[in-house]
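# Overview (structure and organization)
Chain residues, written in single-letter form:
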Amino acid sequence: MHGRVKIKSTAQQEEEKRKEREKKLKIYVAARDACFSKRKEGIWDDEALQLTQQLLSSNPDFATLWNYRREILMHLETVKEEDEVQKIYEAELSFLESCLKVNPKSYGSWHHRGWVSARLPRPDWARELSLCDRCLSLDDRNFHCWDYRRMVVKVSGVPVDQELGFTDRLIGSNFSNYSSWHYRSTLLPLLHPESPEPPSPRRERPHSSPPPSPQTHSHRVCEEQLLKEYELVQNAFFTDPNDQSAWFYYRWLLGRAEREEMISCVYVSREEERVAVAFSRPVNAQSVGLLLVLDGQPQRVEWRSVHPRFKHSPVWICDLPPGTISDITNEHNLTVHWTEKHTHRDCALYTGRAESWCRDSATDQELFRSELSIEKTSVLQSELQSCNQLQELEPLNKWCLLTIILLMRALDPLGYEKETLAHFQTLREVDATRSAYYSDLCSKFMIENTILKMEYAEVRVFSISDKHLTTLCHLDQLLLVTHINLSSNQLQRLPPQFAMLQCLEVLEVDNNCIESLEGVYHLPKLEELLLKNNKISTLADLQPLASCPKLKCLDLRGNPVTQTANIESALSELLPSVTDLLL
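So, how was this worked out
Residues numbered from 1 in each chain as written. Predicted model: local features only at pLDDT ≥ 70, side-chain atom pairs only at ≥ 80, totals over all residues. Heavy atoms only, no water. Helix = DSSP H or I, 4+ residues; strand = E, 2+ residues; numbered from the N terminus. Rg over C-alpha atoms; globule rule 2.2 N^0.38 Å. Buried < 20%, exposed > 50% of the residue type's maximum accessible area, 1.4 Å probe, protein only. Contact = heavy atoms within 4.5 Å. Salt bridge = Lys/Arg side-chain N within 4 Å of Asp/Glu carboxyl O. Axes fitted to C-alpha atoms, helices over the stretch in contact; angles between N-to-C directions. Parallel < 35°, antiparallel > 145°, perpendicular 65-115°, else oblique. Left-handed = near helix turned anticlockwise from the far one by under 90°. Nonpolar A, V, L, I, M, F, W, Y, C, P; charged D, E, K, R; others polar. UniProt positions renumbered as here; feature names shortened; annotations may be inferred. Core = buried A, V, L, I, M, F, W, Y, C linked by side-chain atoms within 4.5 Å. Phe/Tyr/Trp six-rings, centres within 6.5 Å; stacked < 30°, edge-to-face > 60°. Pairing = 2+ DSSP bridges.

What the protein contains, in helices and strands, is 16 helices and 15 strands. For 583 residues, the compact-globule formula gives about 25 Å, and the C-alpha radius of gyration of the protein, at 32 Å, lies well above that figure. Seen along its three principal axes, the alpha-carbon backbone of the protein occupies a region of about 105 × 65 × 60 Å. Here the protein holds 583 residues, and 45% of them are scored as buried. Taking contacts inside the protein between residues at least 6 apart in sequence as the whole, the part at least 24 apart equals 60%.

A word on the pattern of salt bridges. Inspection of the entire model under this criterion finds 38 salt bridges. Across the pair Glu-77 and Arg-119 runs a salt bridge whose closest N-O atoms are separated by 2.8 Å. Of this pair, Glu-77 sits in helix α3 (residues 63-79) while Arg-119 sits in helix α5 (residues 107-119); the two residues are 42 residues apart in sequence, bridging distant segments of the chain. Classification of Glu-77 by relative accessible area gives partly exposed; the value is 25%. As a salt-bridge pair, Glu-448 and Lys-444 come within 2.7 Å of each other at their nearest N and O atoms.

Let us look at the packing of helix α6 (residues 125-138) against helix α7 (residues 143-156). The geometry of α6 relative to α7 is characterised by a closest axis approach of 10 Å and an angle of 155° between their N-to-C directions. Here α6 is positioned roughly antiparallel relative to α7, judged by the angle of their axes. Once α6 is placed against α7, the crossing between them reads as left-handed. Along the contact surface, α6 presents Trp-125, Glu-128, Leu-129, Cys-132, Asp-133, Cys-135 and Leu-136, while α7 presents Cys-145, Trp-146, Tyr-148, Arg-149, Val-152, Val-153, Val-155 and Ser-156. Per-class residue counts for the contact of α6 with α7 are eleven nonpolar, one polar and three charged.

Moving on, we get to unusual backbone geometry. Despite not being glycine, Asp-295 shows a phi value in the positive range, around 50°. Of note, Asp-295 is situated in the loop between β3 (290-294) and β4 (297-298). Phi angles above zero are rare outside glycine, and Ser-488 is one such case at about 60°. Residue Ser-488 is classed as partly exposed on the basis of its relative accessible area, which comes to 28%.

The positions UniProt marks with the feature "domain: Rab geranylgeranyltransferase alpha subunit insert-domain" (unreviewed entry) are residues 263-362. Overall, residues 263-362 shows 0% helix and 52% strand. The separation of its end C-alpha atoms is 13 Å.

With that out of the way, let us pick up the nonpolar core. Nonpolar side chains in soluble globular proteins tend to be buried together. Ranked by size, the top nonpolar core spans 115 residues in total, and within it Phe-462, Ile-484, Leu-486, Phe-498 and Leu-507 carry the most contacts. Broken down by element, the residue count for this core peaks at eleven residues, all from helix α13 (residues 398-411). Counting residues in hydrophobic clusters, the runner-up holds 23 residues, among them Trp-66, Phe-95, Val-116 and Leu-120.

Bringing the packing of aromatic side chains into the picture now. Centre distance and the angle of the planes are the two values used to describe a pair of aromatic rings. Counted under the stated rule, the structure contains 18 aromatic pairs. Here Tyr-89 and Trp-115 contribute two aromatic rings whose centre-to-centre distance is 6.1 Å and whose plane-to-plane angle is 75°, an arrangement assigned as edge-to-face. Of this pair, Tyr-89 sits in helix α4 (residues 82-102) while Trp-115 sits in helix α5, and the two are 26 residues apart along the sequence. Under the relative-accessibility criterion, Tyr-89 is labelled buried at 1%. Judged by centre distance (4.0 Å) and plane angle (10°), the ring pair of Phe-237 and Trp-247 falls under stacked. Remark: Trp-247 occurs in helix α11 (residues 244-254) and Phe-237 occurs in helix α10 (residues 223-239); sequence separation between them is ten residues.

Across the sheet, six strands lie side by side as β10-β11-β12-β13-β14-β15; this open sheet has parallel pairing. Since the sheet does not close on itself, it has two edges, and those belong to β10 (461-463) and β15 (580-582), each with one partner. Taking each pair of neighbouring strands and ignoring which way they run, the sheet shows an average axis angle of 0°. By the bridge criterion, three bridges tie strand β13 (residues 528-530) to strand β14 (residues 553-555) in an arrangement that is parallel. By the bridge assignment for β14, Leu-530 is matched with Asp-555.

Quick look at the structure:
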């Protein structure tokens, strides 16, 4: 029919698109090959700059081309005047804006922009902040832009309070802006730091040591500002109880600050002639400058971690030369110096004593709870009451339930233990996908409570049986414990960290699901191990026990390994020190 547009078939359209793609691809490949050839020949001219621009305009994530482009620009810096270089880099910034329009989350584009801004003779940081504002208004979770903004802020010296105001605006317009909440958590300790407590005499910094900078601050926020933040974040999660951003920020507010880096315990044993040192965080004692001084004389000792798998560990041990401290009629004074941190810890081994230690308890270090002021206690109680009200309205809201647990732990972890366990059970039911996470977190909290109870009772026995434990943690806090009862739980392994229990004599782990004893390694005092009704299946699983020289009693009843042929003779050969074997 005349005058009518002929409608192409789908096959015809696809064929034309294919030809068009092939044509573009040939042009792209030719330009790419030309760039590679020029780079190989060491050519850094304007044509190469145009070729890379042509390619990057359509594909801004070609890292090799960005590298070549930087080589060209650095060459131009050597042959151009400063004003010309300024114009070249300003044009580069304009080009980068066009690339960001193609892909606002291009790694290459943002990285190159940071590089250009750093080399610009006269940078316009106000323009860069304005660009960040525009990008974040389009996508407030563009983490590339957030990273770039932090760099611009740092280099240009934007006041911290101005940036905090920026987060106020973004959070005010969108409570779900996770990036803004996170950025706020990095700014508050700088703008409203908690006044540092005066150091104790043994940890006092030498006069030549510089004061801590904001970058090395402990990330504590002063109480006055914390109370204001509680109110801000409460408005957010009451507005949208199911949005996780504000709940995560609230969890950060309730959290404890990073622990002070220090020697938390020194233990010395006459019988083993061994010194064990516990730190507030995992360290590599072979590289941090650890010095042992005995009776005023520096000792040449070899520090080793408690397990060969650890290069960094909270607990390190060393053996003294035979006869150094074995005579019980002699008194000795030890000092362990951590030269890297300008701190030390003293320990006296008195006459007639077989062992001695000097330590800060978990209570002293406020590891599991902090002492609260009257005002903060009142505010947290009010917060808990508000969350309980919200939970009545939203009984299946997992974020609210988890926050109630954290508030209870901040206020009184032991007093609220029963309610905490009940809430964990509800969490496992309403969020079954993460039930294993809640079980592990509940185990962690129960272990913390048990450590507190043990310290209040001033005993060296740690008992937490029949509590559905799924994991072990804080084992560095049990360095001095002599008896542990973990029976009737859901443990599957005794991890390498278990080797930190250098004073352990009796270990009860009956009625678990234990398949691995990797952590029962070189425990010098272990005499009794009760493993009844677990899942130890091979002799190889028992191999770590051969490193425990004093092991006398071993109960393996109810384990698959007992069905192994000639098991008794094999165990006698593997564990010759065991005299009381129950199969």
